[in-house]
Protein chains: 4
Amino acid sequence: MLSFESDYTEGAHEAILQALTATNREQLPGYGADRYTERAKEKIRKACGCPDADVMLLTGGTQTNAVVIDAVLRSYEGVVAADTGHVSCHEAGAIEYTGHKVLTLPGHDGKMDAEELRGLLAAFYGDGNHEHMVFPGMVYISYPTEYGTIYSKAELAALHGICGEFGIPLYIDGARLGYGLMSPAADLTLPELASLCDVFYIGGTKVGALCGEAVVFPKGEAPAHFFTTVKQHGALCAKGRLAGIQFDVLFTDDLYFKISRHAVDMAMKLRDIFKKKGYRFRLDSPTNQQFIILENRQMEELGRRVRFGFWEAADKDHTVVRFATSWATDPAAIDELDGLI
Amino acid sequence: MLSFESDYTEGAHEAILQALTATNREQLPGYGADRYTERAKEKIRKACGCPDADVMLLTGGTQTNAVVIDAVLRSYEGVVAADTGHVSCHEAGAIEYTGHKVLTLPGHDGKMDAEELRGLLAAFYGDGNHEHMVFPGMVYISYPTEYGTIYSKAELAALHGICGEFGIPLYIDGARLGYGLMSPAADLTLPELASLCDVFYIGGTKVGALCGEAVVFPKGEAPAHFFTTVKQHGALCAKGRLAGIQFDVLFTDDLYFKISRHAVDMAMKLRDIFKKKGYRFRLDSPTNQQFIILENRQMEELGRRVRFGFWEAADKDHTVVRFATSWATDPAAIDELDGLI
Amino acid sequence: MLSFESDYTEGAHEAILQALTATNREQLPGYGADRYTERAKEKIRKACGCPDADVMLLTGGTQTNAVVIDAVLRSYEGVVAADTGHVSCHEAGAIEYTGHKVLTLPGHDGKMDAEELRGLLAAFYGDGNHEHMVFPGMVYISYPTEYGTIYSKAELAALHGICGEFGIPLYIDGARLGYGLMSPAADLTLPELASLCDVFYIGGTKVGALCGEAVVFPKGEAPAHFFTTVKQHGALCAKGRLAGIQFDVLFTDDLYFKISRHAVDMAMKLRDIFKKKGYRFRLDSPTNQQFIILENRQMEELGRRVRFGFWEAADKDHTVVRFATSWATDPAAIDELDGLI
Amino acid sequence: MLSFESDYTEGAHEAILQALTATNREQLPGYGADRYTERAKEKIRKACGCPDADVMLLTGGTQTNAVVIDAVLRSYEGVVAADTGHVSCHEAGAIEYTGHKVLTLPGHDGKMDAEELRGLLAAFYGDGNHEHMVFPGMVYISYPTEYGTIYSKAELAALHGICGEFGIPLYIDGARLGYGLMSPAADLTLPELASLCDVFYIGGTKVGALCGEAVVFPKGEAPAHFFTTVKQHGALCAKGRLAGIQFDVLFTDDLYFKISRHAVDMAMKLRDIFKKKGYRFRLDSPTNQQFIILENRQMEELGRRVRFGFWEAADKDHTVVRFATSWATDPAAIDELDGLI
């Protein structure tokens, strides 16, 4: 059955499988000390325009968020996030498990509003004594957001500027980074994004890899002994080559960007088909995730012909569903969808 | 350069890469709900002779230890381990990070002594009030141990019996499980091992997989909502297929056991070569890790021709080094080694 | 200067100091094994109408919340609270420090709405798969709330009933319990309250003691080895007599209730005075905390003659301030206040 | 019955009760912002010869150890302690609960050996890669130790010097600090001790107070926002006056030292009585705790006439028991003991 259920339904880009196969019998040191990991890091530094960046390869998104946030925050600090942010609601309390509170601001189609952030930080650090409260010690946003929306360069600069004023780092969850940067609506390059935050990660799992996320500290300011913190969180793979080879391939000849662009192209086509047929959207998403409002009976019926993700109830008769494209989406599938809806 | 540095220097058994490639474009649900993961679990249950077992696939050894120990222990309990156990010293405090103390007993060539375990548990639970101390809530052993040694069936039964007397579970870290079970010195089958503990894991990362460990609760007694605990620890992979396909392959046609046997065969040959040439051993290991005592100058000199692992200082002039074989060891490499030492 | 800043500005009820002095040289066992602690527990059981209750004496409110919530919840669970609940915002992340998320519902003058609670629990447990989210494992309310309001018996029964339907415990933070129960608006007795929840604590620090909170599990269902969990949290006092003697005194001849009644009487007088002079209130509080809205200049000016607590901004020109009475409030102070405002 | 069971069997020095009573109705701000706490801190700074010291008053010993160690260590670090240290074995895993491993060295009559410490630190930091292990980030000793022994100035200087070489802080648990400093065997003053460590605490609970320990960072280097960390650990008392007044009294006219001296004098008399009658000692303790080896039947029999603490089995026929004196020991009790043994 046709499936637009998520952007992690296929394995990996074939070039990755080929590289894994080609290098398979090379004897390499473990834990990321191999040459492919080194090469991947160097290519990522170059793609980010950050020659001094610290780069570390981890396995999955929730893991990466928990490790980074815990490593960067001091014990008495929490992380500020939109209430729709992944760390706020869909990580089974992984952040709280590390001892840190997630302080929430309302999400606006998934995005954090700069003035609301300033309000929260000013209220805390501005005046009065807040020693009985959690210190906002970091700001978390996702790019694109959980609703597929993206920040403009100006919006990102505003958030980063506010963080700077208050001396706290801005962290960008880039689980679907490529699908944001390659959106026709994006006015940001990867180096620009890297210059407008303090730490971010480049998502591999949802963008062509079997697994793997690349954490980047653009200015080379990874917390001391970050390697050991990764190990302590159970996030260190013995065969570092697995992530290393994958990111080496993804950052060769712009593959990461090319396959991201493909996913967005497919999404735009998919969006147009739904629009043309009069479907309503939860919001206007310029990336690979499209949120469509279906009447419940219609949802049930459509669900027999194509797979998609349940997102949230819209009202008692309607539901928001998600159609996701990815690096792996077959153009023929889009055409087939056209005939089904 | 010839390398016996570790058992994770190569990628994966080729059958795994082939299966990953063959299934690559299949659209599968995430988080372990795919059919390959289901099939792998079913095959593992069968291989363990545990039709009701709960099986869960994780990524790496330290991660697996931390998740299992934290999920099984109650907050006020700690885990008993040999002082040479992996959880005691080589996991960067990952167990303590989850809030639990590792209570140590002396390791005897890596093994825990049943009577010493009984002594520790009897001293705590026997009489007197120990409410100000950490409750021993679980026993951790590795099979084979960090020194390559293995427990006999009688030894394992003794440990399991003692745990049963005190009502606490026995957990077996099987990072190199195949290399233990396939040892000529082993008098245990996998179903026997499964029946002599309460939870264990079958190591994939060091036995032919790119990554992946299969946690088995033989009697189907996984802690409630173990899935969510895994997620909370950042240990859940979106593409569950990666581990699922690998374990499906490893447990097809006894591949796991065949490649384990190969590693042990290679190790026995390697051992004989060293013995024949008069080298001294730190202890008699019947599995894939061999610990040889080298005079320091000899170590330096040999290190120029072959890679091996530094293990520990023996005395000021001698060092214990480790030679590891694996599923991937080329018989020719053993012959070549013969000419080098 | 006249002070209504808080209900912990004085030391302890004199009967407590006398008892501490009278028993001072008695040699007593430590850690709560003394006879005064036993006596206090017995009196508390009687006052609660719970002959089988488990009672444990701790030191302070945040400590008690963290210990109880962590001890009762399973690792993958969080606690549901009003967003104005003490655990949500004024405990410096003490709950998250134990690894658990605080899941919030909107506070209505400090209170949780039963239907909103049912909505949250039904959405989670009702249908669909929420394995990637924190399980709501306990409900936290305060009585009286942080805004001085109290639940009616019917409201409490509704919350308790909903918790029962979903099989999760209801926990009542009674930091100011006496001031709630002795309110003229209260339609609840202590035994009734005890029968309408699963665990609660009787606050001492704010109701006549130097320090001390009495945790009560009405049905004797304290978590296994709760004593050790208390120790593990650093919450166990060597001189258990300190809390034991205090609660023994407080629960002798209804002292706890008499001094609570006094505080509420004083608050009602204070409220009338403010009302009479035309001051506006943030809400109608029937307990010892009164929340008054002052024009900012007025606040500054009044602040020179009497101490009160800053609570929150009402709008840019007005501020909500708190006047608190307590067991120690001198009636003459109320009269004096009348002349000052 | 005569009791030498512990040094916390009585309440508080009478001067403390008098001060609590005399100040009882003063209205004071909470959380340690009162003038008695300020005065206590100032007196402690003076007694320590550390005008810039940060001082913080907490409630109990285990709490203090957990808060200080967690606040000072970075996430990937553990604390080095003697295996007989309180944090190693008698705090129910309170340190591990904060996520940190206790790394042990053998205790020598309770003391840590400087060369063994250097060995541990040199092995870790000296050479090789230990990124998979817990970083030793702090050294914990107790003064006096759990066996009543004390470090000489030279021994303490040696430990402190080694810590300095490796750039990690030395922390002294002074639960019984007065009983060490006032020992005839002590060659250290409080200012000297303060200059030979990086953080320590002055125990109140066992030296005349109802509760309370004063943490001192001699050079004013408390971790940032230590107050909030204390709150986050549930260790902050609303009525800070309780600890403040007690330490104000204890550090007025050298009361702390005078009552400590009394306890040690009583212990020396007690020791002489046991010695004179031919009893054997587990070790030579110059402080308020005396460890005597009793034949088991003798122990039982003596236990009918006087209370003492069970310490540990010596062999199958003998037991080590503890007799403790304190600030409250009545000289007549010592005389009475003379007649009983």
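Quantities reported herein were computed from a predicted structural model and do not represent experimental measurements. Starting from 1, residues in each chain are numbered consecutively following that chain's sequence as written. Chains carry letters and ligands carry numbers; both start at the beginning, A for chains and 1 for ligands, and go up in the order they are written. For a predicted model such as this one, the threshold for reporting local features is a pLDDT of at least 70, and the threshold for listing and counting side-chain atom pairs is 80 or more; totals across whole chains, interfaces and linings nevertheless cover every residue. The basis for every side-chain value is the complete set of non-hydrogen atoms in the structure, without hydrogens or water.

**Considering the pattern of salt bridges**
Let me state the cut-off plainly: For this document, the term salt bridge refers to a Lys or Arg side-chain nitrogen within 4 Å of an Asp or Glu carboxyl oxygen. A run of H or I in DSSP becomes a helix once it reaches four residues, and a run of E becomes a strand once it reaches two; helices and strands are each numbered from the N terminus. The classification of residues rests on relative accessible area computed with a 1.4 Å probe and restricted to protein chains. Under 20% of the type maximum is buried, over 50% is exposed, and intermediate values are partly exposed.
Under the defined criterion, the tally for this structure stands at 88 salt bridges over all chains. Across the pair A:Lys269 and A:Asp335 runs a salt bridge, and its minimum N-O distance is 3.6 Å. Placement of the pair is A:Lys269 in helix α12 (residues 255–276) and A:Asp335 in helix α14 (residues 331–340), with a sequence separation of 66 residues. Between D:Glu192 and D:Lys153 there is a salt bridge, with the nearest N and O atoms lying 3.0 Å from each other. Taken together, the residues span a long stretch of sequence, with D:Glu192 in helix α9 (residues 190–195) and D:Lys153 in helix α7 (residues 153–166) at a distance of 39 residues. Since its relative accessible area comes to 32%, D:Lys153 is described here as partly exposed. Connected via shared salt-bridge partners are A:Arg39, A:Lys43 and A:Asp248.

**Some words on the interface of chain D and chain B**
Under the convention used in this document: In this analysis, two residues are considered to be in contact whenever any of their non-hydrogen atoms come within 4.5 Å of each other. Buried area: the accessible area, evaluated with a 1.4 Å probe, that two parts lose upon being put together, summed over both parts. Throughout this entry, Asp, Glu, Lys and Arg are counted as charged residues, while Ala, Val, Leu, Ile, Met, Phe, Trp, Tyr, Cys and Pro are counted as nonpolar. The remaining residues, Gly among them, count as polar.
Between chain D and chain B, the contact holds 18 residues from the first and 18 residues from the second. Taking both partners together, chain D and chain B bury about 1,200 Å²; carbon and sulfur atoms supply 53% of that area. For D:Glu96, the salt bridge is made with B:Lys101, and the minimal N-O distance between the two is 2.6 Å. Those elements giving two or more residues to the side of chain D that touches chain B turn out to be α4 (86–89) and α5 (94–97) of chain D. Ranked by residue count, the leading element in the side of chain D that touches chain B is α4(D), at three residues. Of the residues contributing to the side of chain D that touches chain B, the split by class is seven nonpolar, seven polar and four charged.

**Some points on the sheet that holds strand β13 (residues 318–324) of chain C**
All names here are of chain C. Using the following cut-off: Only strands that DSSP links by at least two bridges are regarded as paired with each other. Only C-alpha atoms enter the line fits that serve as axes; for helices the fit covers just the stretch in contact. Angles between N-to-C directions range over 0 to 180 degrees.
On the basis of which strands lie adjacent, the open sheet formed by four strands has the order β9-β10-β13-β12 and antiparallel pairing. Unpaired on one side and paired on the other, β9 (280–281) and β12 (309–315) mark the two borders of the sheet. As judged from the two bridges shared by β9 and strand β10 (residues 289–295), these two strands associate in the antiparallel manner. Looking across to β10, one finds that phenylalanine 281 is bridged to isoleucine 292. Its contacts with the sheet put helix α13 (residues 296–303) on β10 and β13, and the angle it makes with β10 is roughly 120 degrees.

**A look at the relation of the copies chain D and chain B**
Where we set the bar: The fit set for superposing copies consists of C-alpha atoms from residues with pLDDT of at least 70 in both; the fit itself is least squares.
For the match of chain D to chain B, the screw axis carries a shift of 0.0 Å, the RMSD comes to 0.0 Å, and the turn is 180 degrees. Look at the turn and shift together and you get a two-fold axis relating the two. In this assembly the copies share their binding face: 100% of the residues contributing to the interface of chain D also contribute to that of chain B.

**What to know about unusual backbone geometry**
All names here are of chain B. Here tyrosine 143 and proline 144 are connected by a cis peptide whose omega angle stands at -10 degrees. Among the secondary structure elements, proline 144 is positioned in the loop between β5 (135–142) and α7 (153–166). A positive phi angle, near 50 degrees, is found at aspartate 109, a position not held by glycine. Within the secondary structure, aspartate 109 is located in the loop between β4 (102–105) and α6 (114–125). Residue classification places aspartate 109 among the partly exposed positions, given a relative accessible area of 36%.

**Some thoughts on the interface of chain B and chain A**
Which entries qualify depends on this criterion: Counting of polar contacts relies on pairs of N or O atoms within 3.5 Å, with two restrictions inside protein: one atom must be capable of donating a hydrogen and the other of accepting it, and residues adjacent in sequence are counted only when both atoms are side-chain atoms.
Each partner contributes to the interface: chain B provides 46 residues, whereas chain A provides 46 residues. With both chains or domains summed, chain B and chain A bury close to 4,200 Å², and 52% of this area falls on carbon and sulfur atoms. Of all residues in chain B, B:Gln27, B:Tyr97 and B:Lys239 give up the largest surface area on contact with chain A, accounting jointly for 18% of the area buried on that side. Our count for the contact surface shared by chain B and chain A stands at two salt bridges. Between A:Glu14 and B:Arg25 there is a salt bridge, and its shortest N-O distance comes to 2.9 Å. Where chain B packs against chain A, one counts 34 residue pairs in polar contact (both at pLDDT 80 or more).

**Observations regarding α7(B)**
Residues and elements named next belong to chain B. Defined as follows: Expected helix span is computed as 1.5 Å times (number of residues minus one). Working definition: the arc comes from the directions between the helix axis and the C-beta atoms, pointing outward to the latter.
Taking 1.5 Å of rise per residue, 14 residues should cover 20 Å, and α7 covers 20 Å from first to last C-alpha, within 8% of that figure. Every buried residue of α7 is listed here: Leu156, Leu159, His160, Ile162 and Cys163. Across the axial projection of α7, the buried residues extend over an arc of 155 degrees, all falling on one side. Exposed and facing more than 90 degrees away from the buried side of α7 are Ala154, Gly164 and Glu165. Glycine 167 sits one or two residues past α7 and shows a positive phi near 70 degrees.

**Considering the sheet that holds strand β7 (residues 199–203) of chain C**
All names here are of chain C. In space, the seven strands of this open sheet follow the order β2-β8-β7-β6-β5-β3-β4, with mixed pairing throughout. Looking at the sheet topology across the chains shown, the edges are occupied by β2 (54–58) and β4 (102–105). Ignoring strand direction, the axes of neighbouring strands in this sheet form an average angle of 25 degrees. Here strand β3 (residues 77–82) runs beside strand β5 (residues 135–142); their pairing, made up of four bridges, is parallel. The residue bridging glycine 78 from the neighbouring strand is proline 136, located in β5. Against the sheet, helix α2 (residues 35–48) makes contact with β2, β7 and β8 (213–217), and its axis sits at roughly 125 degrees relative to β2, the strand it touches most. Along the sheet face, helix α6 (residues 114–125) touches β3, β4 and β5 and points at about 170 degrees away from the line of β5.

**So, helix α12 (residues 255–276) of chain C**
Spacing of three or four residues puts side chains on the same side of an α-helix, whose turn is 3.6 residues. Between its first and last C-alpha, α12(C) extends 32 Å over 22 residues, near the 32 Å set by a 1.5 Å rise per residue. Once α12(C) finishes, C:Gly278 follows within two positions and takes phi at roughly 85 degrees, a positive value.

**Thoughts on the nonpolar core**
Quick note on the threshold: Side-chain atoms within 4.5 Å are what join buried Ala, Val, Leu, Ile, Met, Phe, Trp, Tyr and Cys residues into a set we call a nonpolar core.
Counting residues in each nonpolar core, the largest one holds 139 residues, and the members touching the most others are C:Phe200, C:Ile202, D:Phe200 and D:Ile202. Listed in part, the 138 residues of the second largest apolar core include A:Cys211, A:Ala263, B:Ile162 and B:Val249.

**Points about the environment of D:Ala224**
Residue and element names in this part refer to chain D. Of note, alanine 224 is situated in the loop between β8 (213–217) and α10 (226–232). With a relative accessible area of 43%, alanine 224 lands in the partly exposed category. Each C-alpha atom of the pair alanine 224 and alanine 71 lies 8.9 Å from the other, and the pair is 153 residues apart in sequence.

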